[in-house]
Amino acid sequence: MIISTITTLITGILLVVFRKTICSFCHIGFGMLLLIVLYSLFYAALDIWYTRARYEHRYISYTFVSVSIAFISTIISVVCVIFFSEKAGYNLGIIKVISQNVVIIAGAMVAYVHIIFRGKAFFDKKQCRRIIAISWPLVFHSLSKNVLDISDRLMIAYICGDSDAGIYGTLAGFSVIVVIIWNSIDVSIVPSIFAALEIDDYDTTKEICENALYVFMYVTIISVVLMPLFARLMTVKEYFDGLFIIPILLLSNFFLAIYHIFGALLLYRKKTILIMVGTIISAVINIVLNVLMLKNYGYAFAAVTTVIAFASQAMLQGILCYREYGRTIINVRKVLFMTVVCVVLCTIGAYLKYNDALRFLILIAPFIMTVKVKDIIIKILNFLMKNIKIKK
């Protein structure tokens, strides 16, 4: 907490000192700049409280606080916009942002005071050194992740044009919905994974990870069927030629889920440098492939480069995780089975972008996988893997 406060204050001071240059470059006022600093200063405390509530499985408290803050901030922002809309000379967009975030900052300040007063020590040198040693690679991990998230659209705009970037960004938004679902799954299983690893219960860890991936596989398959249909209903015909990128991006989200599972296992061992390495490599792969391919193959190829980047990220994290734990903490054959299913069905979904009736047949796959077929395929994979080992 103290580290977050110190770094934010230093950053805030620099922003205030160079406020003219920053405000001019970002096209924002000084009041908005102060709002950003205050938000960054106090929101970390609320984020810490959320994390602890999830880890302690206090989901009722977590839901109550998060929903209350969201509801109150929305109501106040609407009231302020309505009030100032009757008066001339006010930017309603800025009014909405300020009024909404003031409520969030107020809630974060309560969490900040709560943590400060309940802490055993205001400053613990040993703990600070330990936190910095663990956390500094995550700074570069976050930067690389942000580059990975936004590089596609920026490079499409630069190489292919703003029109293609707009089409890609709009269609990619339909796959982001699935990411939100995975984030909900992820935050709910990580505390359970850590609790199981704390007592060296690898069987429970394996079961949690595999079940989470199975659930998300079903979500991905259903989304492959429904999201292109929603996109056709909610966009105009100029977007229809790019509908096939939605299933491809959904596939990249499945690889992202695998990466998060392995990342959580590495994070428990505090191997944040390994997490950073995987993210940096995938970001570099994505940028290089976009530079080489976008000009020749168009904006749609950015979806393919995203899949390749996330797949390489998941594979690398899996290898590092295996080396760290010295054992297969997740059943590789089951993960491989789920990956093959997603690759095949997402490819079919991309091919059938205009044929909703045939694409709905993909929904049969989850029902097939709940019966004997799944076990049969896993047994075949086990048999093939054993034969490969024997031949070696």
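Once a new chain begins, its residue numbering starts again from 1 and follows that chain's sequence as written. Given that this is a predicted model, residues contribute local features only at a pLDDT of at least 70 and side-chain atom pairs are listed and counted only at 80 or more, while totals for whole chains, interfaces and linings are drawn from all residues. Just so you know, side-chain values use all the structure's heavy atoms and leave hydrogens and water out.

## So, the overall build of the protein chain
In step 1: A run of H or I in DSSP counts as a helix once it spans at least four residues, and a run of E counts as a strand once it spans at least two, with each numbered from the N terminus. Helix and strand counts for the protein chain come out as 15 helices and zero strands.
In step 2: The 392 residues of the protein chain split such that 38% are buried.
In step 3: Partitioning the intrachain contacts of the protein chain with sequence separation of at least 6 by distance along the chain shows that 77% fall at a separation of at least 24.
In step 4: With the model as given, the accessible surface of the protein chain reaches about 22100 Å², and the carbon-plus-sulfur share is 70%. Here the term buried applies to any residue with accessible area under 20% of the maximum for its type, exposed to any over 50%, and partly exposed to those in between, with areas from a 1.4 Å probe on protein chains only. Two residues qualify as a contact provided that any one of their heavy atoms is within 4.5 Å of a heavy atom in the partner residue. Computed by Shrake-Rupley with a 1.4 Å probe, the accessible areas treat only the displayed protein chains as cover when residues are assessed.

## Regarding the packing of aromatic side chains
In step 1: We call Phe, Tyr and Trp rings a pair once their centres come within 6.5 Å, taking the six-membered ring for Trp, and we label the pair stacked below 30 degrees between planes, edge-to-face above 60, and tilted otherwise. Under the defined criterion, the tally for this structure stands at seven aromatic pairs.
In step 2: A centroid spacing of 5.3 Å and a plane angle of 85° characterise the contact between Phe42 and Tyr112, whose relative ring orientation is edge-to-face. With Phe42 in helix α3 (residues 30–55) and Tyr112 in helix α5 (residues 92–118), this pair connects stretches of sequence that are 70 residues apart.
In step 3: Looking at Tyr112, the relative accessible area reads 16%, which means it is buried.

## Concerning the pattern of salt bridges
In step 1: We count a salt bridge whenever a side-chain nitrogen from Lys or Arg sits within 4 Å of a carboxyl oxygen from Asp or Glu. Under the criterion given, the structure shown has one salt bridge.
In step 2: Close ionic contact of Glu210 with Lys334 constitutes a salt bridge, the shortest N to O distance being 3.5 Å. Of this pair, Glu210 sits in helix α8 (residues 202–234) while Lys334 is found in helix α12 (residues 332–351), placing the two residues 124 residues apart along the sequence.
In step 3: Residue classification places Lys334 among the partly exposed residues on the basis of a relative accessible area of 24%.

## Here's the deal with the confidence of the model for the protein chain
In step 1: Looking at the protein chain as a whole, its pLDDT mean stands at 78, while 83% of the residues score no less than 70.
In step 2: The quantity known as pLDDT measures the predictor's confidence residue by residue, on a range of 0 to 100. The weakest mean pLDDT in the protein chain belongs to helix α15 (residues 372–391) at 54; the strongest belongs to helix α9 (residues 245–268) at 88.

## Topic: the packing of α3 against helix α4 (residues 59–85)
In step 1: To define axes, lines are fitted to C-alpha atoms, for helices over the stretch in contact only, and angles between the resulting N-to-C directions are given on a 0 to 180 degree scale. Packing of α3 against α4 brings their axes to within 8 Å, and their N-to-C directions diverge by 150°. With respect to each other, α3 and α4 are oriented roughly antiparallel. In terms of crossing hand, the pair formed by α3 and α4 is left-handed. Seen from α3, the contacting residues are Leu46, Trp49, Tyr50, Ala53 and Arg54; seen from α4, they are Tyr59, Ser61, Tyr62, Val65, Ser66 and Ile69.
In step 2: Gly is placed with the polar residues, together with every amino acid not listed as nonpolar (Ala, Val, Leu, Ile, Met, Phe, Trp, Tyr, Cys and Pro) or charged (Asp, Glu, Lys and Arg). Residue classes in the contact of α3 with α4 are distributed as eight nonpolar, two polar and one charged. Orientation categories follow fixed angle ranges, with anything under 35 degrees roughly parallel, anything over 145 roughly antiparallel, 65 to 115 roughly perpendicular, and all other angles oblique. Left-handed is the label given to a crossing in which the near helix is rotated counterclockwise from the far helix by less than a right angle, and right-handed is the label when the rotation is clockwise.

## Here's the deal with unusual backbone geometry
In step 1: Despite not being glycine, Asp200 shows a phi value in the positive range, around 55°.
In step 2: Relative to the helices and strands, Asp200 resides in the loop between α7 (162–198) and α8.
In step 3: Given the relative accessible area of 53%, Asp200 is considered exposed.

## Observations concerning α8
A turn of α-helix holds 3.6 residues, and therefore any two residues three or four places apart point the same way.
In step 1: Helix length check: α8, at 33 residues, gives a terminal C-alpha distance of 45 Å against a target of 48 Å (1.5 Å per residue), a fit within 8%.
In step 2: The largest bend along α8 measures about 35° and falls at Val224, with the proline Pro228 one to four residues further on. Between the first and last residue of a helix there are one fewer steps than residues, each counted as 1.5 Å, and that sum is the expected span. Each residue is assigned a bend, namely the angle between axes fitted to the seven residues that terminate at it and the seven residues that start at it.

## Some details on the nonpolar core
Note that soluble globular proteins tend to have their nonpolar side chains buried in a common cluster.
In step 1: In terms of nonpolar packing, the biggest core is built from 70 residues, with Tyr168 and Leu265 touching the most fellow members.
In step 2: Top contributing element to this core by residue count: α9, with 16 residues.
In step 3: Other than its neighbours up to four places away in sequence, Tyr168 contacts Asp152, Arg153, Ile156, Ile245, Leu249, Tyr299, Ala302, Ala303 and Thr306.
In step 4: Among buried residues, those of type Ala, Val, Leu, Ile, Met, Phe, Trp, Tyr and Cys that are joined through side-chain atoms within 4.5 Å constitute a nonpolar core. Core analysis: the next-biggest nonpolar cluster, separate from the first, contains 15 residues, Ala45, Leu46, Ala53 and Ile104 among them.

## Examining the side chain of Thr220
In step 1: Looking at the element boundaries, Thr220 is found in helix α8.
In step 2: Not counting residues up to four positions away in its chain, the partners in contact with Thr220 are Leu250, Phe254, Cys342 and Cys346.

## As for a nonpolar patch on the surface
In step 1: Patch membership is restricted to residues that have no salt bridge and whose relative accessible area is over 30%. Joining uses 9 Å for like charges and 5 Å for the nonpolar side chains Val, Leu, Ile, Met, Phe, Trp and Tyr. A surface patch of nonpolar side chains, amounting to about 810 Å² of accessible area, comprises Val139, Phe140, Leu143, Val147, Ile280, Val284, Ile287, Val288, Val291 and Leu292.
In step 2: No other element matches the six residues that helix α10 (residues 272–297) contributes to the nonpolar patch.
In step 3: With respect to the helices, strands and loops of the structure, Ile287 is situated in helix α10.
In step 4: A relative accessible area of 31% means that Ile287 is categorised as partly exposed.

## Some points on the side chain of Ser312
In step 1: Mapped onto the secondary structure, Ser312 falls in helix α11 (residues 301–325).
In step 2: A residue is classified by how much of its surface remains accessible, and Ser312, at 18% relative accessible area, is buried.
In step 3: Ignoring sequence-local partners within four residues, the contact set of Ser312 consists of Ser282 and Ile285.

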